[in-house]
Amino acid sequence: MEGLHSILQRKINEGQFAYHPRCASLSITYLAFADDLFLLSGADWVDPSIKSEILNILPIPEGMLPVRYLGVPLISTRLRYEDCIQLKERTQRRIASWSNRDLSYGGRALLIQSVLFNMQTYWCSLFILSQKILKEIESILAAFLWSGVHLRRASAKLKWLEVCSPKAEGGLGLKALKECNKTTMLRHLWAICKQDTLWVKWIQSYMKKNQNFWGMKMPQDCSWTMRKLLKLRVLGQDFVKHTIGDGHGTSLWFDNWHPWGPLYKLLDGRSTSILGRAILAKVLSRFSMHRGIGSLDAELSWAIRNCRGKSFKALLFRLALAAGIYHIWIERNTRIFGGKVACAAVVLSTIADNIRLRTCSWRHIANTWENQRLLDLWNIPNRVLGILISLSVDGLHVDCNRFQLYCV
């Protein structure tokens, strides 16, 4: 390879060989992998006689793009359904090869997870696959799970989405191909931010062009695959964390170094992220919860786990959380579309009024010290409390707070 590199460099200096238009800045003339060699040069018109001489010297047949390399198509255009059909056919052939085996549900689930799923992983890590082909492959996997090699579609017991749920949630722990496709493609975003390979250098030279990766606009001349990859930035930015150190290589504005996320999302003039966190913090403090505020998804997950039941505190917390999210969203729309800005105190007052009006119709809340404290904090009338009256008349006991009538 060193000898070939020297020859190509000499021909470039003599003007007999030209760089490819998108390889000149990195001085790339060829790519070598194992026993394969790609020569990259400017696409000038070649006289038919010269091309014939080249074909006679090199025992290589003439071909045209697109071609397949390492089992996948080398294309710069959109990946079509026809390009991926072999994935479906390979899956069907592998299932047919197990026709002489009597497999249980557990055995078929294990084969799906360890064999059939891994057949798709390679393609999923290289392309954003067609949604049609992913649905068809998942349909084949579901048919194999429920009916075996006969692939009867009408025998499914559960939706495939439920089957792919974690085992802790009642599923089999299988992976949904659509989510797996996005997840495996996200590693390319991490490589662009963290690695220093030739591909990353090419992206920086011809795509980023000294722009921040998270804030750059979509290049007009990028390939379909690159365009799909850049659209995943919204999903992948939260998973790429930056440690500032000496500050070299970290964007103060766009990179995800702050615990609350990138600053361009927090400090945008139209953004309500900081306002929303401040309001949710005030709401939580009224429930004696003094802690940091996470993302909206994290707060909702916490509420689902910890605020179940029909106690007054749980009901009031769910109502306050819903009202807070709703009015934060209203304030966000007002700032963007109406050009008006309200401070956190005004929004919090609106939330409190909404909660008070909704709870005024509640009745017979248990008269406890904790419930009385919550009523005072939210300025809710005391008439919602049940009055504990214990009477014992002729052996009959009445407890109005619990609505029970029983003999003593």
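Residues numbered from 1 in each chain as written. Predicted model: local features only at pLDDT ≥ 70, side-chain atom pairs only at ≥ 80, totals over all residues. Heavy atoms only, no water.

**A few points about the nonpolar core**
Consideration 1: Within the largest apolar cluster, 34 residues are counted, with the highest numbers of intra-cluster contacts made by Leu-116, Leu-129 and Trp-160.
Consideration 2: The leading source of residues in this core is helix 5 (residues 131–147), at nine residues.
Consideration 3: Leu-129 has contacts with Leu-79, Cys-84, Leu-87, Trp-123, Cys-124, Leu-134 and Asn-181, leaving out every residue within four places of it along the chain.
Consideration 4: Listed in part, the 29 residues of the second largest apolar core include Leu-319, Ile-328, Ala-352 and Leu-385. (Core = buried A, V, L, I, M, F, W, Y, C linked by side-chain atoms within 4.5 Å. Buried < 20%, exposed > 50% of the residue type's maximum accessible area, 1.4 Å probe, protein only. Helix = DSSP H or I, 4+ residues; strand = E, 2+ residues; numbered from the N terminus. Contact = heavy atoms within 4.5 Å.)

**Let's talk about the confidence of the model for the chain**
Consideration 1: When pLDDT is averaged along the chain, the result is 79; 89% of the residues meet or exceed 70.
Consideration 2: The model gives residues 387–408 a pLDDT under 50, and that stretch makes 30 contacts with residues more than four places away or in other chains. (pLDDT = per-residue confidence, 0-100.)

**Quick notes on the pairing of strand 2 (residues 36–39)**
Consideration 1: Relative to strand 2, strand 1 (residues 30–33) runs antiparallel, the two sharing four bridges. Looking across to strand 2, one finds that Tyr-30 is bridged to Leu-39.
Consideration 2: The turn linking strand 1 back onto strand 2 is made up of two residues, and Ala-34 within it adopts a positive phi angle of 55°. (Pairing = 2+ DSSP bridges.)

**Section: the packing of aromatic side chains**
Consideration 1: All told, the structure shown has eight aromatic pairs when counted by the stated rule.
Consideration 2: Between Phe-312 and Trp-362, the ring centres sit 6.0 Å apart and the planes meet at 85°, which makes this aromatic pair edge-to-face. On the criterion of sequence distance, the pair formed by Phe-312 in helix 14 (residues 312–338) and Trp-362 in the loop between helix 15 (344–359) and helix 16 (369–378) is long-range, its members being 50 residues apart.
Consideration 3: On the basis of relative accessible area, Phe-312 is assigned to the buried category, the value being 6%. (Phe/Tyr/Trp six-rings, centres within 6.5 Å; stacked < 30°, edge-to-face > 60°.)

**Observations concerning the side chain of Glu-138**
Consideration 1: Inspection of the secondary structure puts Glu-138 in helix 5.
Consideration 2: Lys-135 provides the closest opposite charge to the buried, unpaired Glu-138, separated from it by 8.4 Å.
Consideration 3: If near-sequence neighbours (up to four positions away) are discounted, Glu-138 is found in contact with Trp-160, Ala-176, Leu-177 and Lys-178. (Lys, Arg positive; Asp, Glu negative; His and termini not counted. Salt bridge = Lys/Arg side-chain N within 4 Å of Asp/Glu carboxyl O.)

**Details of helix 14**
Consideration 1: Over its 27 residues, helix 14 runs 37 Å from end to end, which matches the ideal 39 Å to within 8%, given 1.5 Å per residue.
Consideration 2: Immediately downstream of helix 14, the backbone of Gly-339 shows phi near 70°, a positive value. (Expected span 1.5 Å × (residues − 1).)

**Section: the side chain of Thr-184**
Consideration 1: Relative to the elements of secondary structure, Thr-184 occurs in helix 7 (residues 177–194).
Consideration 2: Overall, Thr-184 belongs to the buried group, its relative accessible area being 17%.
Consideration 3: There is a polar contact of 3.1 Å between the side chain of Thr-184 and the backbone oxygen of Asn-181.
Consideration 4: Once residues lying within four places of it in the same chain are set aside, the contact partners of Thr-184 are Cys-124 and Ser-125. (Polar contact = N/O pair within 3.5 Å; in protein donor to acceptor, adjacent residues only side chain to side chain.)

**Comments concerning the pattern of salt bridges**
Consideration 1: Within this structure, the stated rule accounts for six salt bridges.
Consideration 2: A salt bridge links Glu-370 to Lys-313; the nearest nitrogen and oxygen atoms lie 3.9 Å apart. Placement of Glu-370 in helix 16 and of Lys-313 in helix 14 is noted, with a sequence separation of 57 residues between them.
Consideration 3: Among the salt bridges present, the one from Arg-356 reaches Asp-353, with a minimum N-O distance of 2.3 Å. Of the two residues, Arg-356 and Asp-353 both sit in helix 15, three residues apart, roughly one turn of that helix.
Consideration 4: Residue class for Asp-353 comes out partly exposed when judged on its relative accessible area of 31%.
Consideration 5: Bridged by salt links that share partners, the residues Lys-313, Glu-370 and Arg-373 form one connected network.

**Structural notes on a nonpolar patch on the surface**
Consideration 1: On the surface, a nonpolar cluster with roughly 560 Å² of combined accessible area is contributed by Val-46, Ile-50, Ile-54, Ile-57, Leu-58 and Ile-60.
Consideration 2: Along the chain, Ile-60 turns up in the loop between helix 2 (48–57) and strand 3 (67–69). (Patch = residues over 30% accessible without salt bridge, like charges linked within 9 Å, V, L, I, M, F, W, Y side chains within 5 Å. Areas by Shrake-Rupley, 256 points an atom, 1.4 Å probe, with all protein chains shown as cover.)

**A few points about unusual backbone geometry**
Consideration 1: A positive phi angle, near 55°, is found at Ser-27, a position not held by glycine.
Consideration 2: Locating Ser-27 in the fold gives a position in the loop between helix 1 (2–13) and strand 1.
Consideration 3: Judged by its relative accessible area of 39%, Ser-27 is partly exposed.
Consideration 4: Phi is positive for His-364, close to 60°, though the residue is something other than glycine.
Consideration 5: Residue His-364 is classed as partly exposed on the basis of its relative accessible area, which comes to 45%.

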